[in-house]
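Notes for the structure review
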Amino acid sequence: MLSERLISLAVRETSKNYLKINPTTDTHVPGPKPGQKYMLYMHVPFCTKLCPYCSFNRFPFSEKRAVPYFESMRKEMRMLADLGYDFDSVYVGGGTPTVMIDELCATIDQARDLFSVKEVSSETNPNHLVPEILEKLEGRVQRLSVGVQSFDDGLLKQMDRYDKYGCADEIVERIQLATPYFTSMNADMIFNFPAQTEDMLIHDVERIVESGCTQTTFYPLMASPSVERSLARTVGKVDYDREQRFYQIIDELLAGGDKPLFTHSSAWTYNRFDYEGDVLSATDEGRASSPVDQGDAPRPADPADESSPLPVGAHSVRPPKPNRAASKPTSNMIDEYVVQYEEYPAIGSGGITYLGSSLYVNTFSLREYGEAIEAGRMSLMGRTDFNIHDRMRYRFLMQLFGLRLDKLQWERDFGMTVENGLPAEMAFMKLAGAFATDTPEELTLTPKGRYLVVAMMRQFFIGVNNLRDQARAALPGEERELLFG
């Protein structure tokens, strides 16, 4: 739709101005501000095999590289403690953080010893959802996020994940096994693959329900320049024209109707409700049946007609039988931790820190990272400073992505209203019908507004991936060879 194309263009152009690396001689990030809440991000860049669509800093796993890396990350964590930081939340991303489970557990244990940590979120892959790993994570990690991407075996083969992580049936069984171990079990999905049909997408949602996961995140496929070629070669060229329709299908199936199974915790993350009553019945093959059938089911309204909302109840899905996790409190943690913690130091090679008005990028080189930590300094290789309008645009996007912009907080922090600070952005979003609530206290979003924010976040993350590409371009020759052959 036209509004999506205009907003994507605007985010792409503004991101170019402030998401760029300038060399820095800083040896440490600045210390904490009194009263400010911070989250700690830790990056583990190792994977047994590299996925073609991933732009994060990642390297082929070897124990020889990974063991000293975890040791360096624990030393870097102590540097933050010496600067006076404290954290109640930790997010471990990758890569595959669980690639060496004992090293990960030692690192989480140290974080709990050094800081006031209440909750830990970690990423993983389906092949690590096994008892010997889950039992070590239980109690240490409150939210586990597993990269699924799709439950279609054909797409998994296209992504080179089928042989690595198993077929869709195996992944569903592993999520069912893992969910009771955690307060929140998130399944990461991707939609709008070139080969994906509406029926395949509906089937993905059905299997999310069947898996029993307590949270799911549906990301639009993001074709940043660094992975565009490999994406086209493996899964095809991305078609953004149908992105909104796919998003509407997901939204209606998970959060639509009179008694939705999930509720939004961000524009593309859904937390599960637990309802008594009707449950999915299992077929003889073990796959849950659903009112969402792949052939004769009514289809959501065509988004080409922007005045026509998706009809409530066009599809519905029922919850499976409850499990042990249903009695645990729901965690509000999501993958986009930047919504809940605007400022966060990051440790590890490839980590990105945002503090005050400055963004810092750690070296992507494993060798340079280890050398910096051994010398008693952090591995900062670049920095960019945001002006006040950059900071306002960042706040605008992140709070709307979290479904509510606090206007009173905005005025306290920026000394002006959001209307005066970002007049063009506010006028565009109002004209597009993006706001459900626009009061002196807050902004909230309509369904169309949520999709526009999804498109903005997609474009913003493509800009962040471009930033990673700048850092990756500085890799020494032997590490470039390790990544690209």
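Preceding this section is the structure that the text describes.
Now for a description of the structure that goes with this document. This one's a predicted model, so the numbers in the text were calculated from it and none came from an experiment.

**With respect to the overall build of the protein**
- Scanning the protein for helices and strands turns up 17 helices and 18 strands.
- Relative to its 485 residues, the protein shows a buried fraction of 58%.
- In the protein, 74% of the contacts between residues at least 6 apart in sequence involve partners at least 24 apart.
- If you sum the accessible surface of the protein, you get close to 19,500 Å²; carbon and sulfur atoms cover 49% of it.

**Here's the deal with the sheet that holds strand β18 (residues 442–445)**
- Pairing is antiparallel across the open sheet formed by three strands, whose spatial order is β16-β18-β17. Edge positions in the sheet fall to β16 (404–406) and β17 (435–438), since each has one partner strand and no second. Between one strand axis and the next, the sheet turns through 10° on average, direction left out of account.
- Bridge count for β17 against β18 is three bridges, and the pairing is antiparallel. Bridged to F435 within β18 is L445.

**Notes on the nonpolar core**
- Core analysis: the biggest nonpolar cluster contains 139 residues, and I175, F396 and F460 have the highest contact counts within it.
- Considering every element that reaches this core, the biggest residue donor is helix α16 (residues 447–472), with 13 residues.

**Remarks on the sheet that holds strand β6 (residues 119–124)**
- Strand order across the open sheet formed by nine strands is β10-β11-β9-β8-β7-β6-β5-β2-β12, with mixed pairing between neighbours. Unpaired on one side and paired on the other, β10 (262–264) and β12 (346–347) mark the two borders of the sheet.

**As for the pattern of salt bridges**
- The final tally for this structure, using the stated rule, is 25 salt bridges.
- Among the salt bridges present, the one from K407 reaches D438, with a minimum N-O distance of 2.5 Å. Of this pair, K407 sits in helix α13 (residues 407–414) while D438 sits in strand β17, placing them 31 residues apart in sequence.
- In the salt-bridge network here, residues are joined through shared partners; they are K407, E419, K430 and D438.

**Concerning the layout of surface pockets**
- In this structure, the largest pocket occupies an estimated 510 Å³ of space.
- Lining of the largest pocket is provided by 21 residues; of these, V339, E342, R395, Q399 and Q409 occupy positions nearest its centre.
- A per-element tally of the lining of the largest pocket places helix α12 (residues 388–401) first, with four residues.
- Its residues placed into classes, the lining of the largest pocket shows six nonpolar, six polar and nine charged.

**Focus on the packing of helix α7 (residues 168–178) against helix α8 (residues 198–211)**
- Look at α7 against α8: their axes get within 9 Å of each other, and the N-to-C directions meet at 35°. Residues A168, D169, V172, I175 and Q176 of α7 pack against R207, E210 and S211 of α8.
- Residues belonging to the contact of α7 with α8 are distributed by class as follows: three nonpolar, two polar and three charged.

Calculation criteria
Residue numbering note: each chain is counted from 1, following its sequence as written. For this predicted model, a pLDDT threshold of at least 70 governs which residues receive local features, and a threshold of 80 or more governs which side-chain atom pairs are given and counted, while totals over whole chains, interfaces and linings are taken from all residues. Hydrogen atoms and water are omitted, and side-chain values are computed over all heavy atoms in the structure. Only DSSP runs of H or I with at least four residues qualify as helices, and only runs of E with at least two residues qualify as strands; both kinds are numbered from the N terminus onward. In this scheme, a residue with accessible area under 20% of its type's maximum is buried, one over 50% is exposed, and one in between is partly exposed, where area comes from a 1.4 Å probe on protein chains only. Note on contacts: a residue pair qualifies if any of its non-hydrogen atoms lie within 4.5 Å across the two residues. Shrake-Rupley sampling with a 1.4 Å probe provides the accessible areas, and residues are treated as covered by the protein chains on show and by no other component. The pairing criterion is simple: DSSP has to find at least two bridges between the two strands. Under this scheme, a helix contributes an axis fitted over its contacting stretch, all axes are lines through C-alpha atoms, and angles between N-to-C directions fall in the 0 to 180 degree range. Residues belong to a common nonpolar core when they are buried Ala, Val, Leu, Ile, Met, Phe, Trp, Tyr or Cys residues joined through side-chain atoms within 4.5 Å. A side-chain nitrogen of Lys or Arg and a carboxyl oxygen of Asp or Glu constitute a salt bridge if their distance falls within 4 Å. Here a cavity denotes grid points, spaced 1 Å and computed from the protein atoms alone, that fit a 1.4 Å probe unable to get out, and a pocket denotes an open set having protein on both sides within 12 Å along at least 5 of 7 lines; residues with an atom within 4 Å of a point are the lining. Grid points are joined across faces, edges and corners, and a volume is the space filled by probe spheres set on the points. Amino acids are sorted into nonpolar (Ala, Val, Leu, Ile, Met, Phe, Trp, Tyr, Cys and Pro), charged (Asp, Glu, Lys and Arg) and polar (every other residue, Gly among them).

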